[in-house]
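Each chain, written out:
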Amino acid sequence: MEITKEKSVFDKAIDFHKAHNHKRAEKEYLRAIKQNPKNQELHRCLGILYCDMNKHSYSEKHFILAKNIGPDSYELNVSMGNSYLKQGLLLKSLKYFEQAAFFPNGKVDDKFGQANALKKLGRFEESEQKYLMLIKSCPSFLGAYLNLANQYIDMKLYDASFEILDKAISLFPKNIEILKSHAVACKESGDFNSAAKYFKKIVEISPENYEAYNHLGVLFFENGYIEEANYLLNKACNLNEKYAASYHNRALNCIKMLDLKRAQNDLKVAIKLKSNYSEAKYTNGIVDLLQGEYVSGFKRLDERMRSLYDDDIKWCKALPSHKKVLIRTMKKLGLGDIVMYSMLFRDLYAIQKEIVIELDPRLKGLFERNFPFLNFMSASELSDMNISDEFKVQASIASIPKLINFNLDSFKPLETALKAKDEIYKNISKEYENRFGDSKLVGLAWHSTGAQGIFRSIPFKDLIQAIKPIDAQFISLQHGVERGSNELIDDIFVDVKIDPMVNLEEYCAQIANLDLVITIDNSTAHFAAALGIKTILLLPFSPEWRWGLGSNGSNWYETISIIRQEKTGDWSSALAKAYTLASNLLNN
């Protein structure tokens, strides 16, 4: 008869720990310590468990007890280094990894820990050297390849990341994390086909990998393949009904299809699965705003902005009397957004006089002239002062609609909210009159960057082919286009002296000299309309919330005429309408 030895309490604790049954593991570790309170290894293992449970004060207590019991060991210093690394106490973490390195016959854990701590400290040259040394001394150490490649990706050194990842794939051809990093590097570098190839490899190796389907869905969505993205995100949701990110991403894709009811259902599920899911709550607000539900939409927009700023100044829930309010503009907002919200400055000032508005330096002179009753400061000016002493409350410029109980449907915008600087306007007027005579002048903008650029942008050749028969001189308002570019034709003028990224006063004066602007959804639309210039805005099938649904006009601006794309990716009918409308506007 075979007699099996009963496992010790310590062994049982380790088994529960390995099985991620943390509560049972804790109970058994504490039982074992009660039996043997001077066992250093017991305290070390319990310290690791408490670190896994994010009970960091308990973790530190048992590590220190282990240190005091002695003798000091390689494993104990590495465990303490990993614990402090997880907490973000990077210098403390680095100290213990360095102490571990002094022990003879050490393994690779201390060097790997040092590299990871240095990486998080932003000491990239040092971490790079540590990772490369690890790869050289231990060619099969997967973590070094993976973390170095991810560091290169974060630094946008894509060629370096591909070199490391290709070596790793030759050693670990079916490792999911390596393939995922390779896919991400391809995606970040703009290589859609290669990114898709590596995500598909993950699915081939692991058909139930819902995260890979989610990544593939996002990749196809971001590149304009809406139907394909819908299939992939459906697959991700079906494979794991408790993965909140897939529901949120499917909601974003549904918005592009204007299936707003389904989007709201997915967002509801995502938020139920992850109650603190701020991105999903913000997207829910965008859907509300698209549908004209302004109270709830602007409330969620305000909550989103609040999450971006530190708590050193109290967030403004309601406009206070006799307290100076700092209005922030520098996070998650473009120049066009700021121009749009400036339409509400007069309404805000009527309620609250003590206001300072943080501003992009390029806008400062323009806004100071047009809104002399307000105070504006650049971010650099604010950084030179103790803002928590100067201001009692803060809010985002995107919070203004909520703070003033704004109703977009009843808003009456000024026909001309901004005026160009007179001297610059006259100089450009004289130059263009000498150059173009009495020709009608039509400004064009056709390209947008960023996540939405692929949906908003129109190929220049398609735009110019549609409107070229108009009897007018076309002038480029597109940032980054150089005169003589292969993309352009002879009869569009590029004024190389004017760069909106450098001088917005000159840009506004240029626009103010035009008879008409035809533009996609970018900052040009906002500047042109705010300056009172007749503006044709070409919108993608699923527009930004600012422009609402269905209307051919804008509640924000008096002079905008909206033409909407009838099908995602197909601008033909919208461009035909733009030609007809432009001809009518110029003739009238």
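On a predicted model such as this, the values are computed, not experimentally measured, just so you know.

Before going further, it helps to spend a moment on the side chain of Arg456. The topology assignment puts Arg456 in helix 26 (residues 453-456). Separated by 3.0 Å, the side chain of Arg456 and the backbone oxygen of Asp521 make a polar contact. Leave out the neighbours within four places in its chain, and Arg456 touches Ser448, Ile520, Asp521, Pro540, Glu544 and Trp571.

So, about the pattern of salt bridges. Counting across every chain of the model gives 27 salt bridges. A salt bridge links Glu60 to Lys92, with the nearest nitrogen and oxygen atoms 3.2 Å apart. With Glu60 in helix 4 (residues 56-69) and Lys92 in helix 6 (residues 90-100), this pair connects stretches of sequence that are 32 residues apart. Bridged by salt links that share partners, the residues Asp337, Arg456, Asp521, Glu544 and Arg546 form one connected network.

On to a nonpolar patch on the surface, then. A cluster of nonpolar side chains, namely Phe124, Met155 and Leu157, defines an oily patch on the protein surface of about 220 Å² accessible area. Here Met155 is to be found in the loop between helix 9 (142-154) and helix 10 (158-171). Residue classification places Met155 among the partly exposed positions, given a relative accessible area of 33%.

Here we come to the nonpolar core. Among the nonpolar cores identified, the biggest contains 94 residues, and Phe367, Phe527, Trp545, Trp556 and Tyr557 are the most heavily contacted of them. Ranked by size, the runner-up nonpolar core spans 42 residues in total, among them Leu146, Leu179, Phe192 and Ile202.

Time to look at helix 11 (residues 176-188). Along its 13 residues, helix 11 runs 18 Å from first to last C-alpha, staying within 8% of the 18 Å computed at 1.5 Å per residue. Listed as buried for helix 11 are Ile178, Leu179, Ser181, His182, Ala183, Ala185 and Cys186. For helix 11, the elements touching its buried residues are helix 9, helix 10 and helix 12 (192-205). Its side-chain oxygen 3.1 Å from the backbone nitrogen of Glu177, Asn175 forms the N-cap of helix 11. Directly after helix 11, the chain includes Gly190, whose backbone phi takes a positive value near 90°.

Now for the sheet that holds strand 9 (residues 516-520). Pairing is parallel across the open sheet formed by 6 strands, whose spatial order is 8-7-6-9-10-11. Here the strands that pair on one side only, and so sit at the sheet edges, are strand 8 (492-493) and strand 11 (560-564). Alignment of strand 6 (residues 441-445) against strand 9, held across 4 bridges, turns out to be parallel. In the sheet register, Gly443 faces strand 9, and the bridge partner there is Val517. Packing against the sheet, helix 29 (residues 523-530) makes contact with strand 6, strand 9, strand 10 (535-539) and strand 11, and its axis sits at approximately 155° to strand 9.

This part is about the pairing of strand 9. On any regular strand, side chains alternate: one points to one face of the sheet, the next to the other face. In terms of burial, strand 9 is largely enclosed, as 5 of its 5 residues are buried. In strand 9, alternate side chains face the same way, and those of Leu516, Ile518 and Ile520 on one face and Val517 and Thr519 on the other are all buried. Examined bridge by bridge, strand 9 and strand 10 share 4 bridges and lie parallel to one another. Looking at the pairing, Thr519 lines up with Leu537 of strand 10. For the segment spanning strand 9, helix 29 and strand 10, crossover handedness is right-handed.

Following the sequence through the fold, Glu177 ends up in helix 11. Sequence-wise, Glu177 and Gly143 are 34 residues apart; in three dimensions their C-alpha atoms are separated by 9.8 Å.

Per the stated rule, a full pass over the model turns up 33 aromatic pairs. Ring centres of Tyr432 and Phe493 lie 6.0 Å apart, and the angle between their planes is 85°; on these two criteria the pair is classed as edge-to-face. Highlighted residues: Tyr432 in helix 25 (residues 422-436) and Phe493 in strand 8, separated in sequence by 61 residues. Assessed through its relative accessible area of 2%, Tyr432 is described here as buried.

Thresholds applied
What you see as residue numbers is a count from 1 along each chain, following the sequence as written. Only residues with pLDDT of 70 or above have their local features reported here, since the model is predicted, and side-chain atom pairs are shown and tallied only from 80 upward, although totals for entire chains, interfaces and linings are computed over all residues. Processing note: side-chain calculations cover all non-hydrogen atoms of the structure and skip hydrogens and water entirely. What counts as a helix is a DSSP run of H or I of at least four residues, what counts as a strand is a run of E of at least two, and both are numbered from the N terminus. Any N or O atom pair separated by 3.5 Å or less is treated as a polar contact, with the protein-specific requirement of one donor-capable and one acceptor-capable atom, and with residues adjacent in sequence counted only for side-chain atom pairs. In this analysis, two residues are considered to be in contact whenever any of their non-hydrogen atoms come within 4.5 Å of each other. Here a salt bridge means any side-chain nitrogen of Lys or Arg lying within 4 Å of a carboxyl oxygen belonging to Asp or Glu. For patch building, the residue pool is restricted to those with more than 30% relative accessible area and no salt bridge; the joining distance is 9 Å between like charges and 5 Å between nonpolar side chains (Val, Leu, Ile, Met, Phe, Trp, Tyr). What sets the accessible areas is the Shrake-Rupley method with a 1.4 Å probe; for residues, cover comes only from the shown protein chains. Think of it in three bands: with a 1.4 Å probe and only protein chains considered, a residue is buried below 20% of the maximum accessible area for its type, exposed above 50%, and partly exposed in between. To form a nonpolar core, buried Ala, Val, Leu, Ile, Met, Phe, Trp, Tyr and Cys residues must be joined to one another through side-chain atoms within 4.5 Å. One fewer than the residue count of a helix, multiplied by 1.5 Å, yields its expected span. DSSP bridges decide pairing: two strands pair if at least two such bridges lie between them. Here an angle of 0 to 180 degrees is reported between the N-to-C directions of two axes, which are lines fitted to C-alpha atoms, with helices fitted over the stretch in contact. Note on handedness: a clockwise path from strand one over the helix to strand two, with the strands aimed away from the viewer, defines a right-handed crossover. Think of it this way: a Phe, Tyr or Trp ring, Trp meaning its six-membered ring, pairs with another when their centres are within 6.5 Å, and the plane angle makes it stacked under 30 degrees, edge-to-face over 60, tilted otherwise.

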